[in-house]
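Understanding the architecture of this molecule
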2 protein chains.
Amino acid sequence: MEVWFTENQTQHLRISVRVRNILHHERSEYQELMVLDTHEFGRMLVLDNVIQTSERDEFAYHEMMAHVPLFAHPNPRRVLVIGGGDGGVLREVLRHPTVEAAHLAEIDGRVVEVARELLPAINNFDDPRARVFVTDGIRYVQEHPDTYDVIIVDSTDPVGPAVALFQESFHRAVFAALRENGIFVQQSESPFYHRDLIRQVQASLRRVFPVAALYWGVVPTYPGGLWTYSVASKGPDPRRPDAERWSRYGLATRYYTPDVHRAAFVLPPFVAELVEPAGRDAGA
Amino acid sequence: MEVWFTENQTQHLRISVRVRNILHHERSEYQELMVLDTHEFGRMLVLDNVIQTSERDEFAYHEMMAHVPLFAHPNPRRVLVIGGGDGGVLREVLRHPTVEAAHLAEIDGRVVEVARELLPAINNFDDPRARVFVTDGIRYVQEHPDTYDVIIVDSTDPVGPAVALFQESFHRAVFAALRENGIFVQQSESPFYHRDLIRQVQASLRRVFPVAALYWGVVPTYPGGLWTYSVASKGPDPRRPDAERWSRYGLATRYYTPDVHRAAFVLPPFVAELVEPAGRDAGA
């Protein structure tokens with residue numbers, strides 16, 4: 001059987017994956033939602049025809065979203081994930097024994113329900129420390145000042161409702177929702193294909209936070225395979241993992257290590273140029 | 001106009017790029033050779049329907065192939081590139097003022113001729129230190145013992161004639177062709193899709209050389225976007241660039257820096273596990 005799913009990664013670039021089965025397909029209140037069983041990547045979550053995550057490569061993205069801020073923070077106890085309805089980032093957050101509350105604010109409750117049923121390898125919603133709020137993440141942040149140690153935005157591409165998550169008014173609300181020493185991370189797209197967006201996010205974070213930086217990692221199913229994460233902090237240097245805590249936990253990760261953490265902030269010049277000198281110095 | 005070129009990156013994964021024009025197409029003695037003008041990547045060299053390089057992303061691959069061994073070697077004067085008929089690696093080698101002779105051994109002379117004419121941004125064959133030998137790279141290496149300081153294999157995937165370039169008998173010939181302190185690098189495919197090949201190359205290099213290691217980099221047009229390079233050395237630690245020399249040259253690179261060089265050897269666990277402990281320790 002030769003059934004293929006094709007994503008238009010840019011106007012001029014497509015990726016196609018061979019499909020074994022369509023496990024789920026619906027149009028939710030917010031988006032078109034699909035779970036595919038693919039030959040190359042196992043089960044795959046697709047929203048509005050864009051690949052969000054897959055069983056085979058999700059570890060690269062989820063580990064780098066969660067462990068960089070959590071190992072940079074001195075004592076992460078309360079963590080909020082915005083978006084990320086598949087539960088992958090939340091699962092990694094829950095691997096930290098310091099975490100007492102891991103909250104997820106996802107606008108589309110159907111993503112969480114479908115992921116819980118069809119992508120159990122990716123999530124761990126039943127952990128007693130986890131709570132899911134089906135709500136608008138921006139409003140949720142505005143209504144919870146001084147509440148979280150780490151806030152992570154695992155959003156879709158900046159199209160439609162996700163646009164506001166990349167803007168300064170949201171970053172100011174995040175700043176207010178973070179407690180002392182708080183750290184913020186959001187996925188900030190590809191340094192090949194979304195250069196203006198990265199510049200804009202970095203500039204906004206530098207206006208709002210005392211420390212801002214960019215790190216990168218590999219995600220094979222995302223355009224270009226190379227992805228960026230924008231991080232900002234109220235104090236701790238996001239480039240410095242607590243390697244002692246890491247050793248103590250003994251996590252069996254497949255992408256993240258403290259050395260990978262530090263190396264992820266070493267940017268090739270074509271990426272570094274997206275971060276203005278002021279931003280590069282801020283966290284150095 | 002919606003004309004698309006599609007590469008089967010694996011049996012179950014395809015990449016498609018929108019084509020503005022087919023600038024060249026022929027069947028040479030060895031392979032099917034195409035140069036496409038694409039919207040996303042500019043001009044692109046395609047051999048047997050596999051993307052080899054493009055104007056937009058070639059810097060990431062060519063800089064990491066050339067500058068890692070050349071800045072790790074204490075005084076690279078004679079350099080051999082095997083394959084690499086597009087001239088991109090040779091161009092980067094020629095940016096080193098210590099280099100007196102930069103030789104290219106390419107089996108298919110048509111690739112060099114077409115690249116010289118249609119991909120002038122990628123190559124610099126007219127440098128007086130450059131020489132092209134249209135010949136079988138394996139035989140060429142066997143016939144030139146104790147001749148080169150650095151040997152770089154920029155081959156196609158291990159299919160057909162390229163298979164032998166990944167085998168121990170070739171690595172032994174390379175060892176013999178290298179002078180004292182010699183360093184060898186070859187592209188060794190994707191850590192997502194060609195894991196057995198990487199294991200095999202690393203094991204072979206460890207049997208032949210006193211020092212072997214693996215480093216990685218991003219190449220958006222290659223499968224998964226993440227690529228590996230296998231390096232071996234008769235003495236110098238390939239992980240340690242000469243940062244002083246780098247500063248003195250003032251090269252305007254877009255991917256390579258000495259910090260990127262060091263960071264490229266920091267492997268996520270899912271890549272590190274392809275290198276056996278003995279190999280990981282060898283260059284540490």
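Cut-offs used in this document
Residues numbered from 1 in each chain as written. Chains lettered and ligands numbered in written order. Predicted model: local features only at pLDDT ≥ 70, side-chain atom pairs only at ≥ 80, totals over all residues. Helix = DSSP H or I, 4+ residues; strand = E, 2+ residues; numbered from the N terminus. Rg over C-alpha atoms; globule rule 2.2 N^0.38 Å. Buried ≥ 20, exposed ≤ 12 C-beta atoms within 10 Å, placed from the backbone. Least-squares fit on C-alpha atoms with pLDDT ≥ 70 in both. Contact = placed C-beta atoms within 7 Å. Nonpolar A, V, L, I, M, F, W, Y, C, P; charged D, E, K, R; others polar. Pairing = 2+ DSSP bridges. Right-handed = clockwise from strand over helix to strand, strands pointing away. Core = buried A, V, L, I, M, F, W, Y, C linked by C-beta atoms within 7 Å. Axes fitted to C-alpha atoms, helices over the stretch in contact; angles between N-to-C directions. Parallel < 35°, antiparallel > 145°, perpendicular 65-115°, else oblique. Left-handed = near helix turned anticlockwise from the far one by under 90°. Domains from an automatic or database assignment.

1. Considerations on the overall build of chain A
- Counting its secondary structure elements, chain A contains ten helices and twelve strands.
- In terms of overall dimensions, chain A is globule-like: its C-alpha atoms have a radius of gyration of 18 Å, near the 19 Å expected for 284 residues.
- Counting only C-alpha atoms and orienting by the principal axes, one finds that chain A spans roughly 55 × 45 × 35 Å.
- In chain A, buried positions account for 53% of the 284 residues.

2. As for the relation of the copies chain B and chain A
- Rotating chain B by 180° and translating it 0.0 Å along the rotation axis places it on chain A, where the RMSD comes to 0.0 Å. Taken together, the rotation angle and the small translation identify this as a two-fold axis.
- Most of the interface of chain B is mirrored in chain A: 100% of its interface residues are interface residues there too.

3. A word on the environment of threonine 38 of chain B
Residues and elements named next belong to chain B.
- Positionally, threonine 38 belongs in strand E3 (residues 32-38).
- Among the residues examined, threonine 38 registers 24 C-beta atoms within 10 Å and is labelled buried.
- Taking C-alpha positions, threonine 38 is 9.0 Å from phenylalanine 5, a pair spaced 33 residues apart along the chain.

4. Details of the interface of chain B and chain A
- On the chain A side, the residues contacting the 28 residues of chain B number 28 residues.
- Going through the elements one at a time, strand E2 (13-27), helix H8 (258-263) and helix H9 (269-272) of chain B are the ones with two or more residues in the side of chain B that touches chain A.
- When the residues that make up the side of chain B that touches chain A are grouped by side-chain class, the tally is 14 nonpolar, nine polar and five charged.
- When strand E2 (residues 13-27) of chain A meets E2 of chain B, the two strands line up antiparallel, connected through five bridges. Bridge assignment links isoleucine 15 of chain A to a residue of E2 of chain B, and that residue is isoleucine 15 of chain B.

5. Some words on the pairing of strand E8 (residues 130-134) of chain B
All names here are of chain B.
- Direction of pairing for strand E7 (residues 101-106) relative to E8: parallel, over a ladder of five bridges. Bridge pairing links leucine 104 to valine 132 in E8.
- In this region the chain leaves E7, passes through helix H3 (residues 109-118) and returns to the parallel neighbour E8; the handedness of that crossover is right-handed.

6. Here's the deal with the nonpolar core
- Counting 138 residues, the largest nonpolar core has Val93 and Ile151 of chain A together with Val93 and Ile151 of chain B as its most contacted members.
- Residues contacting isoleucine 151 of chain B, with those up to four places away along its chain left out, are Leu80, Ile82, Val174, Ala177, Leu178 and Phe184 of chain B.

7. Some points on the packing of helix H5 (residues 168-177) of chain B against helix H6 (residues 195-208) of chain B
Residues and elements named next belong to chain B.
- In the contact formed by H5 and H6, the axes pass within 9 Å of each other and the chain directions differ by 40°. In terms of axis orientation, H5 runs oblique to H6. In the packing of H5 onto H6, the handedness of the crossing is right-handed. Of the residues in H6, those in contact with Glu168, His171, Arg172 and Phe175 of H5 are Ser204, Leu205, Arg207 and Val208.
- Looking at the contact of H5 with H6 residue by residue, the class counts come to three nonpolar, two polar and three charged.

8. Notes on the domain arrangement of chain A
Residue and element names in this part refer to chain A.
- Domain parsing of chain A yields domain 1 (4-54) and domain 2 (58-282).
- Just the C-alpha atoms count here: the centres of domain 1 and domain 2 sit 23 Å apart.
- Each partner contributes residues to the interface: domain 1 has 21 residues there, and domain 2 has 18 residues.
- Of all the secondary-structure elements, those providing two or more residues to the side of domain 1 that touches domain 2 are strand E1 (4-10), E2, strand E3 (32-38), strand E4 (42-47) and strand E5 (50-54).
- Counting residues per element, the side of domain 1 that touches domain 2 draws most heavily on E5, which supplies five residues.
- Of the residues contributing to the side of domain 1 that touches domain 2, the split by class is ten nonpolar, eight polar and three charged.

9. Notes on the sheet that holds strand E9 (residues 148-154) of chain A
Residues and elements named next belong to chain A.
- Spatial strand order, E8-E7-E6-E9-E10-E12-E11: seven strands in an open sheet with mixed pairing. Edge positions in the open sheet fall to strand E8 (130-134) and strand E11 (211-218), since each of these has one partner strand only. Between one strand axis and the next, the sheet turns through 20° on average, direction left out of account.
- Sheet strands in contact with helix H5 (residues 168-177) are E9 and strand E10 (178-187), and its direction is about 140° off that of E10.

10. Section: the sheet that holds E8 of chain B
Residue and element names in this part refer to chain B.
- Ordered by their spatial adjacency, seven strands build an open sheet running E8-E7-E6-E9-E10-E12-E11, and the pairing between neighbours is mixed. A strand with exactly one partner marks an edge of an open sheet, and here the two such strands are E8 and strand E11 (211-218). If you compare each strand with its neighbour and ignore which way they point, the axes differ by 20° on average.
- Bridge count for strand E6 (residues 78-83) against E7 is five bridges, and the pairing is parallel. Along E7, the bridge assignment pairs valine 81 with leucine 104.
- The strands that H5 touches are strand E9 (148-154) and strand E10 (178-187); relative to E10, the one it contacts most, it runs at about 140°.

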